[in-house]
Amino acid sequence: VPTTVRGLVLARMAGLSAPARGLLRLSAVAGVRVGHGLLAAAGGLGDDALLAAARELAENHLLVADPAGQGYVFRHALTREAVYDDLLPGERQQLHRAVARALTDDPALGPPAPWAVAEAVAEHWFAAGDLEEALAASVAAGNAAREVAAGADSLGHYERALELWDR
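Below you will find a few notes about this structure.

### Things to note about unusual backbone geometry
Here is step 1: A positive phi angle, close to 60°, is found at His61, a residue other than glycine.
Here is step 2: Note on placement: His61 falls in the loop between helix H4 (47–59) and strand S2 (63–65).
Here is step 3: For His61, a relative accessible area of 42% translates into the label partly exposed.

Written as structure tokens, this is what we have:
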């Protein structure tokens with residue numbers, strides 16, 4: 001991210017309330033498009049606080065409502081990248097763990113396709129550094145990808161599982 005864009009995003013972020021900054025960080029970890037339910041499950045905010053933080057992010061042109069009406073989208077991909085890159089390693093792992101746990105507990109919070117949920121769970125557990133969970137999720141993601149004839153994706157998940165097995 002160019003320094004000027006990153007600086008602008010972080011300056012805008014500094015003026016936000018603590019719950020809005022936390023929600024923005026969680027959204028950056030969750031992806032470009034994130035459902036309201038996933039933010040609620042992973043974010044630990046009550047309904048009113050979540051809505052207030054989401055409103056603040058929308059008013060500051062950082063997130064916009066998803067056209068499907070189920071969640072939020074980053075206004076620009078560079079915004080997400082700048083926020084994600086600004087996370088400390090421990091923060092990043094903690095947020096990935098929260099998203100992975102929420103998706104594991106309720107897969108309906110993720111993408112509509114079961115294989116996409118399995119892939120997201122595997123990616124988040126791996127990014128969280130929870131190797132046992134990542135191993136099991138990688139095998140499940142490989143199986144799910146195989147079921148939809150996504151051979152390359154399936155192979156990638158199985159290869160990651162083998163790497164994790166050794167660790």
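### Digging into the environment of Ala54
Here is step 1: Looking at where Ala54 falls in the secondary structure, it is placed in helix H4.
Here is step 2: Beyond its immediate chain neighbours, meaning those up to four positions away, Ala54 contacts Leu23 and Tyr72.

### Structural notes on the packing of aromatic side chains
Here is step 1: Enumeration over the complete set of coordinates arrives at zero aromatic pairs.
Here is step 2: Positioned above the aromatic ring of Phe126, the side-chain terminus of Arg160 is 3.9 Å from the ring centre.

### Section: the pattern of salt bridges
Here is step 1: Across all of its chains, the model carries four salt bridges by this definition.
Here is step 2: Measuring nitrogen to oxygen at the nearest pair gives 3.5 Å for the salt bridge that ties Arg6 to Asp86. Of this pair, Arg6 sits in helix H1 (residues 3–14) while Asp86 sits in helix H5 (residues 77–86), and the two are 80 residues apart along the sequence.
Here is step 3: Overall, the relative accessible area of 29% leaves Asp86 in the partly exposed class.
Here is step 4: Note that Arg33 and Asp66 form a salt bridge whose closest N and O atoms lie 2.9 Å from each other. In this pair, Arg33 sits in strand S1 (residues 33–35) while Asp66 sits in the loop between S2 and strand S3 (71–74), placing the two residues 33 residues apart along the sequence.

### Things to note about the nonpolar core
Burial of nonpolar side chains together is a common tendency in soluble globular proteins.
Here is step 1: Residues Leu16, Leu23, Leu24, Leu38, Leu39, Leu57 and Val99 are the most contacted members of the largest nonpolar core, which totals 45 residues.
Here is step 2: Tallying contributions element by element places helix H2 (residues 18–30) first for this core, with seven residues.

### A word on helix H7 (residues 114–128)
In an α-helix there are 3.6 residues to a turn, and that puts residues three or four apart on one side.
Here is step 1: The terminal C-alpha atoms of H7 lie 21 Å apart, and with 15 residues this matches the ideal 21 Å at 1.5 Å per residue to within 8%.
Here is step 2: Burial in H7 covers these residues: Ala116, Val117, Ala118, Ala120, Val121, Ala122, His124, Trp125 and Ala128.
Here is step 3: Summarising the contacts, the buried residues of H7 are in contact with H2, helix H6 (89–105), helix H8 (131–147) and helix H9 (151–166).
Here is step 4: Phi for Gly129, located one or two positions after H7, is positive at around 80°.

### So, the packing of H7 against H8
Here is step 1: In contact at an axis separation of 8 Å, H7 and H8 are set at 155° when each is read in the N-to-C sense. Classified by the angle their axes make, H7 and H8 are roughly antiparallel. Between H7 and H8 lies a crossing of left-handed hand. Here Trp115, Ala118, Glu119, Val121, Ala122, Trp125 and Phe126 of H7 lie close against H8, whose contacting residues are Glu133, Ala134, Ala137, Ser138, Ala140, Ala141, Ala144 and Ala145.

About the cut-offs
- Residues numbered from 1 in each chain as written.
- Predicted model: local features only at pLDDT ≥ 70, side-chain atom pairs only at ≥ 80, totals over all residues.
- Heavy atoms only, no water.
- Helix = DSSP H or I, 4+ residues; strand = E, 2+ residues; numbered from the N terminus.
- Buried < 20%, exposed > 50% of the residue type's maximum accessible area, 1.4 Å probe, protein only.
- Contact = heavy atoms within 4.5 Å.
- Phe/Tyr/Trp six-rings, centres within 6.5 Å; stacked < 30°, edge-to-face > 60°.
- Lys NZ or Arg CZ within 6 Å of the ring centre and 35° of its normal.
- Salt bridge = Lys/Arg side-chain N within 4 Å of Asp/Glu carboxyl O.
- Core = buried A, V, L, I, M, F, W, Y, C linked by side-chain atoms within 4.5 Å.
- Expected span 1.5 Å × (residues − 1).
- Axes fitted to C-alpha atoms, helices over the stretch in contact; angles between N-to-C directions.
- Parallel < 35°, antiparallel > 145°, perpendicular 65-115°, else oblique.
- Left-handed = near helix turned anticlockwise from the far one by under 90°.

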